[in-house]
Amino acid sequence: MCSYLPMSQAPLPQMPGQLLARGVARAMLGFDFVSLPEFVPILGLRVDLMCLGPKGEIWVIECKSSRADFMADAKWRGYLEWCDRFFWAVDADFPTEILPDDTGLILADGYGAEILRMGPETPLPGARRKALLRAFARGAGLRLQAMRDPGVISLVSSALP
């Protein structure tokens, strides 16, 4: 991920899903949510965006750039137990009728996003929320430290989320 690269290296061009994630993360700030892209809540699962709200609410947002991208995603149901709300983020050309009705829907581009449908609220158990909040905080701290001191990554690479 680009935020782990030394500042002197030019970042790689962003893929379509990463551009959607950037626009969604910008929009989430308007709801007072902060985001971590490519977050790993548990080994084997990596969500496109984990978002943390002002009251500790946790949203997972999966960014899909095409029908094929959505059809190839066999893990998304596993994300449901790691968030209070789940959303798909897609662009204006995406065939939204193929997305499950019982999930949230966000229309996005690389610069912003709009929530079209809220995902149902399924509150996390307290112990899981506490563990996720810790992982989110540590992940954010490690990413910030890696941006300030790129050489530190080799020392803590096993701790990165």
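Conventions and cut-offs
- Residues numbered from 1 in each chain as written.
- Predicted model: local features only at pLDDT ≥ 70, side-chain atom pairs only at ≥ 80, totals over all residues.
- Heavy atoms only, no water.
- pLDDT = per-residue confidence, 0-100.
- Helix = DSSP H or I, 4+ residues; strand = E, 2+ residues; numbered from the N terminus.
- Pairing = 2+ DSSP bridges.
- Axes fitted to C-alpha atoms, helices over the stretch in contact; angles between N-to-C directions.
- Contact = heavy atoms within 4.5 Å.

Chemist: Is there a simple way to explain the confidence of the model for the protein chain in this structure?
Modeler: Low pLDDT marks stretches whose predicted atomic positions should not be read closely. Looking at the protein chain as a whole, its pLDDT mean stands at 88, while 86% of the residues score no less than 70. Of all helices and strands in the protein chain, the one with the weakest mean pLDDT is helix α5 (residues 153-156) (65), whereas strand β4 (residues 85-90) scores best (98).

Chemist: Would you mind going over the sheet that holds strand β6 (residues 113-117) with me for this structure?
Modeler: Sheets are built from strands paired through backbone hydrogen bonds, the pairs being either parallel or antiparallel. Sheet architecture is open: six strands sit in the order β1-β2-β3-β4-β5-β6, paired in mixed fashion. If you trace the sheet from one side to the other, it starts and ends with β1 (34-42) and β6, each paired once. Averaged over all pairs of adjacent strands, the angle between strand axes in this sheet comes to 35 degrees, irrespective of strand direction. The pairing of strand β3 (residues 58-64) with β4 spans six bridges and is classified as parallel. Each bridged residue has a counterpart across the sheet, and for Trp59 the counterpart in β4 is Arg85. Across the face of the sheet, helix α1 (residues 16-29) comes into contact with β1, β2 (45-52), β3, β4, β5 (104-108) and β6 while running at roughly 145 degrees to β3. Sitting on the sheet, helix α4 (residues 126-148) touches β1, β2 and β3, and the angle it makes with β1 is about 120 degrees.

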